[in-house]
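Here is how the chains run, residue by residue.
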Amino acid sequence: VITSGGDCSGLNAALRAITFAAIAKGWDVWGIHNGSNGLIVRPMEYEHLTLASFEFPFATMGGTMLGTNNSNIMAHDNGRREKIDDKVVKERFKDGVAQLKLDALVVIGGDGSMPIIADLCKHAKIAMIGIPKTIDNDAPGTDLAIGFSTAREVVTDAMDKLDTTAASHHRVMLVEVMGRTAGHLALQSAITGFADAVLIPEIPYSYTNLVKHLRATQKKGRGHALVVIAEGIKRPNGEYSMANNGLNFNGVSQYFEQKLKADGFEVRANILGHIQRSGNPVAADRLLASAFGVHAIELLVKGKTNRVVVHQAGSVTDISLRESIKLGTTRVNPKGEIVRTAKALGIYVGEVK
């Protein structure tokens, strides 16, 4: 089992479920360190997972006890961090699978890392089961991914705290949240955090209408406002706010802070950043991670491979790996129930047609 891509809360709960369910079948479980890197570096990096591996507090912690990797495949050879040629990566991965005599690999990853690991598994001719995790909740074919519920809780808690200081100073508080090109976290947190407006990538917005909405809110007697901004929205000129030489979204709320100040608002921008990935997993993520882990082992027991575990219509099921990759990133439905709920609550959600 490996954890790949960005970390989130609930990964250790999933590792626990996989290990417990597999051991109950009499199987050995090996935890591969640092994503696929653990099979690529020499010497390899891995550990034998047992029931004792998950004694308190490991299963309740955020992050991943195995480590992960969400950049281009890098490896530690002779103490150095370097990029290895793709052909070498595939051969080392295949050799690592053979050395550990692995029968199957359970991959806990997002929509970015899953296809990469799937390609490596195909080359190594090893059975694979995927489990979706991401705070963005944009994994293909699933209504929920591990980590989303906890991240939403973190954002909601931050908004509750920001609301009191915003009210005290009669300010507009901008809350920038993660999600890349998907607005699930921003939209749902706007509802649970009682925001006045939310800007997400899937729905065009009008800066003029945002200002009108905030002024109308003031006239109704509310002396402050909360505005949730997804990191992946474009500025009014069509440009993204990027960092790290264009590799990461960052700072769009600061742009809006200056723009709203110029229009007479008292404004503060707040970029929550990687705190959204952290914290002990909430009960919903522990339950989802446990159900996903058990289902992954059940699939292997039945001889079903190259499947991805998903949550659909309130139940845990699975789809083919090929279908998952084909579906791609899941984005907010502008005509969906969550958007309708936000609008009915008086939240400005952009120019919904």
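Residues numbered from 1 in each chain as written. Predicted model: local features only at pLDDT ≥ 70, side-chain atom pairs only at ≥ 80, totals over all residues. Heavy atoms only, no water.

Draft legend 1. Region of interest: the sheet that holds strand β10 (residues 225-230). Spatial strand order, β9-β10-β8-β13: four strands in an open sheet with parallel pairing. Each edge of the sheet is formed by a strand with only one pairing partner; in this case those strands are β9 (197-199) and β13 (267-271). Averaged over all pairs of adjacent strands, the angle between their axes in this sheet comes to 20 degrees, without regard to strand direction. Of the pairings in the sheet, the one linking strand β8 (residues 172-177) to β13 comprises five bridges and is parallel in character. (Pairing = 2+ DSSP bridges. Helix = DSSP H or I, 4+ residues; strand = E, 2+ residues; numbered from the N terminus. Axes fitted to C-alpha atoms, helices over the stretch in contact; angles between N-to-C directions.)

Draft legend 2. Expanded view of the nonpolar core. If you look at the biggest cluster of nonpolar residues, it comprises 76 residues, and the most contacted ones within it are Val1, Ile131, Val198 and Phe256. Here Val1 is in contact with Leu15, Ile18, Val29, Trp30, Gly31, Ile32, Leu49, Leu66, Leu105, Val106 and Ile108, once residues within four sequence places are set aside. Grouped together as the second largest cluster of nonpolar side chains are 25 residues, Ile84, Leu100, Leu105 and Val107 included. (Core = buried A, V, L, I, M, F, W, Y, C linked by side-chain atoms within 4.5 Å. Buried < 20%, exposed > 50% of the residue type's maximum accessible area, 1.4 Å probe, protein only. Contact = heavy atoms within 4.5 Å.)

Draft legend 3. Local environment of the sheet that holds strand β6 (residues 104-109). Taking strand neighbours across the sheet as the criterion, the five strands line up as β1-β6-β7-β14-β15 in an open arrangement whose pairing is mixed. In the strand order of this sheet, the two ends are held by β1 (2-3) and β15 (315-320), each with one partner. Judged from the six bridges that link them, β6 and strand β7 (residues 127-132) form a sheet pairing that is parallel. Within β7, the position partnered with Gly109 by the bridge is Pro132. Across the face of the sheet, helix α9 (residues 283-301) comes into contact with β6, β7, β14 (307-312) and β15 while running at roughly 140 degrees to β14.

Draft legend 4. Structural detail: the pattern of salt bridges. Within the structure shown, the criterion is met by nine salt bridges. Between Asp95 and Arg42 there is a salt bridge whose closest N-O contact spans 3.2 Å. Here Arg42 lies in the loop between α2 (37-40) and β3 (46-49) and Asp95 lies in helix α3 (residues 86-100), a separation of 53 residues in the sequence. According to the relative accessible area criterion, Asp95 is partly exposed, its value standing at 35%. The shortest N-O distance in the salt bridge between Arg307 and Asp318 comes to 2.9 Å. On the criterion of sequence distance, the pair formed by Arg307 in strand β14 and Asp318 in strand β15 is long-range, its members being 11 residues apart. Where salt bridges share partners, they join Asp163, Asp196 and Arg222 into one cluster. (Salt bridge = Lys/Arg side-chain N within 4 Å of Asp/Glu carboxyl O.)

Draft legend 5. View of the side chain of Arg171. With respect to the secondary-structure elements, Arg171 resides in the loop between α5 (148-169) and β8. Arg171 has contacts with Ala166, Gly223, His224, Ala225, Glu266 and Arg268, leaving out every residue within four places of it along the chain.

Draft legend 6. Region of interest: the packing of aromatic side chains. Under the counting rule described, the total for this entry stands at six aromatic pairs. With a centroid separation of 5.7 Å and an interplanar angle of 80 degrees, the aromatic rings of Trp30 and Tyr46 are classed as edge-to-face. Of this pair, Trp30 sits in strand β2 (residues 29-32) while Tyr46 sits in strand β3; the two residues are 16 residues apart in sequence, bridging distant segments of the chain. A connected cluster of aromatic rings, assembled from ring pairs, spans Tyr205, Tyr207, Tyr255 and Phe256. Over the ring of Tyr207 we find Lys259; its NZ or CZ atom is 4.7 Å from the centre of that ring. (Phe/Tyr/Trp six-rings, centres within 6.5 Å; stacked < 30°, edge-to-face > 60°. Lys NZ or Arg CZ within 6 Å of the ring centre and 35° of its normal.)

This is a description of form; function is not addressed.
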